[in-house]
Amino acid sequence: MDSFIAGVRTISRICGVVSVLLLLAAVLAVCHLVIVRYILEASAIWQHEFVTFAVIGSTFIGSPYVLLTKGHVNVDLLPHYLGHRARMALALIAALLSLTFCAIVGYVGFELWLEALTNGWRAETVWSPPLWIPYLSIPVGLGLVALQYVADILALITGREAPFGMTAEAKGHE
């Protein structure tokens, strides 16, 4: 169990690094765009689309890391007023609903990616990159978020992690 949770967390950290690298590539592409268009006065062909795809990819691929570090927006007012068991139930329900959502959207994203790959979809621009490449970030990112949710749920039910990061003694009541 510990190996599985540690492995998923390692994958999520790697996703964070990949996300940062995609954002860095997007920034460099914007810098290249500025130089090409405004200094060299030439046409920019691929930069806009690349930046869009890189930022979208960064968002999906970086999502497991955000979940791992609890960097997402989280309103935890209710858990502060609940006992440990109710916090545990709430945390499990929230994680299971989120896991279900990620699995469904990841599956639909997989179908979209597969359709783009098998039908040879390409962007309707001068650059015309194959669309399966940016679409791949949807099932990969959401699949890894789902995997991180599984690890989080296992950590909760085995007592390796406290719900919402609060121990049973946080409010002093059960």
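Bear in mind that the values here come from a model prediction, so they are computed numbers and not experimental data.

Criteria and thresholds
- Residues numbered from 1 in each chain as written.
- Predicted model: local features only at pLDDT ≥ 70, side-chain atom pairs only at ≥ 80, totals over all residues.
- Heavy atoms only, no water.
- Helix = DSSP H or I, 4+ residues; strand = E, 2+ residues; numbered from the N terminus.
- Buried < 20%, exposed > 50% of the residue type's maximum accessible area, 1.4 Å probe, protein only.
- Contact = heavy atoms within 4.5 Å.
- Areas by Shrake-Rupley, 256 points an atom, 1.4 Å probe, with all protein chains shown as cover.
- Lys, Arg positive; Asp, Glu negative; His and termini not counted.
- Charge placed at Lys NZ, Arg CZ, Asp CG, Glu CD.
- Core = buried A, V, L, I, M, F, W, Y, C linked by side-chain atoms within 4.5 Å.
- Expected span 1.5 Å × (residues − 1).
- Phe/Tyr/Trp six-rings, centres within 6.5 Å; stacked < 30°, edge-to-face > 60°.
- Axes fitted to C-alpha atoms, helices over the stretch in contact; angles between N-to-C directions.
- Left-handed = near helix turned anticlockwise from the far one by under 90°.
- Nonpolar A, V, L, I, M, F, W, Y, C, P; charged D, E, K, R; others polar.

(A) Up close: the overall build of the protein. Looking only at helices and strands, the protein has six helices and zero strands in total. Dimensions of the protein along its principal axes, counting C-alpha atoms only, are 70 × 35 × 30 Å. When burial is assessed residue by residue, the protein has 32% of its 174 residues classed as buried. Considering only contacts within the protein whose residues lie at least 6 apart along the sequence, 74% involve residues at least 24 apart. Counting only carbon and sulfur atoms, one obtains 70% of the accessible surface of the protein, whose full area is about 10300 Å². Taking the average location of the 9 positive side-chain charges in the protein and that of its 11 negative ones, the two points are 9 Å from each other.

(B) Quick look at the environment of glutamate 111. Mapping glutamate 111 onto the fold places it in helix α4 (residues 84-118). Exposure remark for glutamate 111: the relative accessible area of 39% places this residue in the partly exposed category.

(C) The arrangement of the nonpolar core in detail. Within the largest apolar cluster, 14 residues are counted, with the highest numbers of intra-cluster contacts made by Leu92, Leu99, Cys102, Val145, Tyr149, Ile153 and Leu156. Broken down by element, the residue count for this core peaks at seven residues, all from helix α6 (residues 137-157). Once residues lying within four places of it in the same chain are set aside, the contact partners of leucine 99 are Ala146, Tyr149, Val150 and Ile153.

(D) Local environment of α4. With 35 residues, α4 extends 50 Å from end C-alpha to end C-alpha; this agrees with the ideal 51 Å at 1.5 Å per step. Residues of α4 that are buried include every one of Arg87, Met88, Ala91, Leu92, Ala95, Leu99, Cys102, Gly106, Gly109, Trp113 and Ala116, and no others. Contact partners of the buried residues in α4: α3 (77-80), α5 (132-135) and α6. Positive phi shows up at glycine 120, right after α4, with a value of about 65°.

(E) Up close: the packing of aromatic side chains. Counting across every chain of the model gives four aromatic pairs. Judged by centre distance (5.8 Å) and plane angle (75°), the rings of tryptophan 46 and phenylalanine 50 are edge-to-face. A relative accessible area of 25% means that phenylalanine 50 is categorised as partly exposed. What links up through ring pairs into an aromatic cluster is the set Trp46, Phe50 and Trp127.

(F) Summary view of the environment of valine 150. Checked against the element boundaries, valine 150 lands in helix α6. Linking valine 150 and phenylalanine 4, residues 146 residues apart in sequence, is a C-alpha distance of 10.0 Å. Among residues more than four places away in sequence, those in contact with valine 150 are Phe4 and Leu99.

(G) Seen up close, the packing of helix α1 (residues 2-39) against α6. Contact geometry for α1 and α6: axes closest at 9 Å, N-to-C directions at 145°. For the element pair α1 and α6, the recorded crossing hand is left-handed. Of α6, the residues touching α1 (which contributes Phe4, Ile5, Val8, Arg9, Ile11, Ser12 and Cys15) are Leu144, Leu147, Gln148, Val150, Ala151, Leu154 and Ala155. A class-by-class count of the residues in the contact of α1 with α6 yields 11 nonpolar, two polar and one charged.

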